[in-house]
Each structure stands twice: as structure tokens, then as C-alpha cells.
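Examination of the molecular architecture
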Amino acid sequence: VQLQASGGGLVQAGGSLRLSCAASGRTFSRYGMGWFRQAPGKEREFVAGISWSGSNTYYADSVKGRFTISRDNAKNTVYLQMNSLKPEDTAVYYCAADTTIVVVSTTVPKYWGKGTQVTVSS
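Residues numbered from 1 in each chain as written. Predicted model: local features only at pLDDT ≥ 70, side-chain atom pairs only at ≥ 80, totals over all residues. Heavy atoms only, no water.

Further remarks concern the state of the cysteines. A complete count under the given rule lists one disulfide for this structure. Covalently, cysteine 21 is tied to cysteine 95 through a disulfide, its sulfur atoms 1.9 Å apart. Placement of cysteine 21 in strand β3 (residues 17–23) and of cysteine 95 in strand β9 (residues 91–98) is noted, with a sequence separation of 74 residues between them. Each member of the pair cysteine 21 and cysteine 95 is classed as buried. (Disulfide = S-S within 2.5 Å. Helix = DSSP H or I, 4+ residues; strand = E, 2+ residues; numbered from the N terminus. Buried < 20%, exposed > 50% of the residue type's maximum accessible area, 1.4 Å probe, protein only.)

As C-alpha cells, this is what we get:
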């Protein structure tokens, strides 16, 4: 599966952005999907994950209550709605896929898209 993330940009603290990740292939609904991020000088970290059907979602503690992951299997797309953004959310965000039912913090996804930059100014 090939993944293409979009929707990053520059936003002020407290603002919102929605990231999208379009996937190729006809079996999108059989991939667990997730979003990860990597800030300068830091390791890549899990942000959010979603199961095949979208019925199960998981979040890093740092984004719970502010970010929402969702998917539209008819459009082969997964989304990350980011609200109440903070400067510490600044990072390159990556979308990822795996054949596991759901992507969680311990998953090492098999497929990765190119990242999209999110910058939150204070």
C-alpha cells in the first residue's frame, strides 16, 4: 500500500488543522492505520491509531481530548483532526499502515508515507 499525507501547515497555538492520508490499493479496509510524529532532535512517536473498521481508536496521552483519528474506507483515507494545538505539537507527521487489526503505540507499521510538516507558533 502507498500512502500520501497532506494538510500540514503553520498555525497559531490554539488553532486547528486536519491531516489527511490517502492510500492506494483495494484492501485499505484490511489495514490498521496510524499517525506518528517526529519533532527535531527527538525520536518518532505514536500519536493515534485506528482499527480496520474505525470502531477502535487509541491515542497518546499527550493528544487525548485534542486529536481525533478517523477513516473513510470508501475513500481509502484516514484523517487526523487536531484541535487546541500547542507549540509542542510541532513535528513532521507521518501516516502509517499495517496488516494488524489496529495500530497502537507498540506497533511497528510496515508501510509509511512521506511526512507532512505541522508547525504551531506561540
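Turning our eyes to something else, we now look at the pairing of strand β7 (residues 67–72). Residues of β7 alternate between two faces, with Phe67, Ile69 and Arg71 buried on one and Thr68, Ser70 and Asp72 left unburied on the opposite face. Two elements, β7 and strand β8 (residues 77–82), share six bridges in a ladder whose sense is antiparallel. Within β8, the position partnered with threonine 68 by the bridge is glutamine 81. Here β7 hands over to β8 after four residues, with asparagine 76 in that stretch at a positive phi of 55 degrees. (Pairing = 2+ DSSP bridges.)

Before going further, it helps to spend a moment on the nonpolar core. Most often, soluble globular proteins have nonpolar side chains that are buried together. One finds Met33, Trp35, Leu80, Met82 and Tyr93 to be the most contacted residues of the largest nonpolar core, which totals 34 residues. At the level of elements, β1 (3–6), β3, β4 (32–38), β5 (45–50), β7, β8, β9 and β11 (116–121) are the ones that each hand at least two residues to this core. Broken down by element, the residue count for this core peaks at five residues, all from β9. (Core = buried A, V, L, I, M, F, W, Y, C linked by side-chain atoms within 4.5 Å.)

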